[in-house]
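Below, each chain spelled out in residue letters.
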Amino acid sequence: MQKAGAGMTSNYIVVGIGEILWDVFPEWRRMGGAPVNFAYMCNQMGARGIPVSCIGRDEAGSDMLIAVTTLGLESGYIQECATAPTGSVNVTLDHHQKPTYEIRRDVAWDLIVLSEKLQRLAPNVDAVCFGTLAQREEISKAAIQTFVKMSPDTALKIFDVNLRQNFFSKQVIESSLELANVLKVSDEELPVLASMFQLKGEVFDKILHLQDRFNLRLVAYT
């Protein structure tokens, strides 16, 4: 995935900024977090997919860095925190294999900071994806929103609503929509937004209202 008219080494720079964590199942675990998943998939498609997050200085964090590099991703924008553990989520599956998540609080990705390195990266990105979960604490919210603001006007700024438990608010959703030019929202999340913003009509009407109100280029409804 190269930029039009660019050399073979000039790949699109695509950032997923927010939570990185271990999804812990009863008998195994896997690396998770919507932003890092996004960066990985873009990297698989030929872009330079970069995860931006924070891990603890613990065994789980060391394992995370190994997992990230094993997947062919850059780890240089994953910060380390000495005062909070690496994030984790306990996952249980019902008889339909639908997951339920118990998300740990006070973890490293709640403490992402806007480092000088991130400030240098932001003006060069072609796309950035962010959500609500990593904005549950003020430190990470400020870093994420400022990073998105610093990204070029020409960049895709993708807001993946990704509502989890009670880790969201109207203020965070509204300010994120104002920063974004692309919205990804699910059939379970749209009714929450409809209630927040008093959206009327059928699904398509609600989507068009969001698109017009927040000047979105695209809405992906899943």
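Residues numbered from 1 in each chain as written. Predicted model: local features only at pLDDT ≥ 70, side-chain atom pairs only at ≥ 80, totals over all residues. Heavy atoms only, no water.

A.B. asks: What's the story with helix H4 (residues 138-150) in this structure? I'm lost.
C.D. replies: At 3.6 residues per turn, the α-helix brings residues three or four places apart onto the same side. Counted at 1.5 Å a residue, the expected span for H4 with its 13 residues is 18 Å, and the 18 Å between its end C-alpha atoms agrees. Of the positions making up H4, those classed as buried are Ser140, Lys141, Ala143, Ile144, Gln145, Phe147 and Val148. Along its buried surface, H4 packs onto strand S1 (13-17), helix H3 (116-121), strand S8 (127-131), strand S9 (156-160) and helix H5 (170-179). (Helix = DSSP H or I, 4+ residues; strand = E, 2+ residues; numbered from the N terminus. Expected span 1.5 Å × (residues − 1). Buried < 20%, exposed > 50% of the residue type's maximum accessible area, 1.4 Å probe, protein only. Contact = heavy atoms within 4.5 Å.)

A.B. asks: Quick question: what am I supposed to make of the packing of aromatic side chains here?
C.D. replies: Each pair of aromatic rings is reported with the distance of its centres and the angle of its planes. Inspection of every chain in the model, using the stated rule, returns three aromatic pairs. Note that lysine 117 overlies the ring of tyrosine 77, its terminal NZ or CZ placed 4.7 Å from the centroid. Of note, arginine 136 hangs over the ring of phenylalanine 167, and the distance from its end group to the ring centre comes to 4.6 Å. (Phe/Tyr/Trp six-rings, centres within 6.5 Å; stacked < 30°, edge-to-face > 60°. Lys NZ or Arg CZ within 6 Å of the ring centre and 35° of its normal.)

A.B. asks: Explain unusual backbone geometry to me, please; I cannot follow it from the model alone.
C.D. replies: In most cases, non-glycine residues show a negative phi, while peptide bonds are predominantly trans. Backbone geometry places aspartate 106, a non-glycine residue, at a positive phi of 55°. Of note, aspartate 106 is situated in the loop between strand S7 (99-103) and H3. One non-glycine residue, glutamine 198, lies in positive phi territory at about 55°. As for its position among the elements, glutamine 198 is in the loop between helix H6 (190-197) and helix H7 (203-213).

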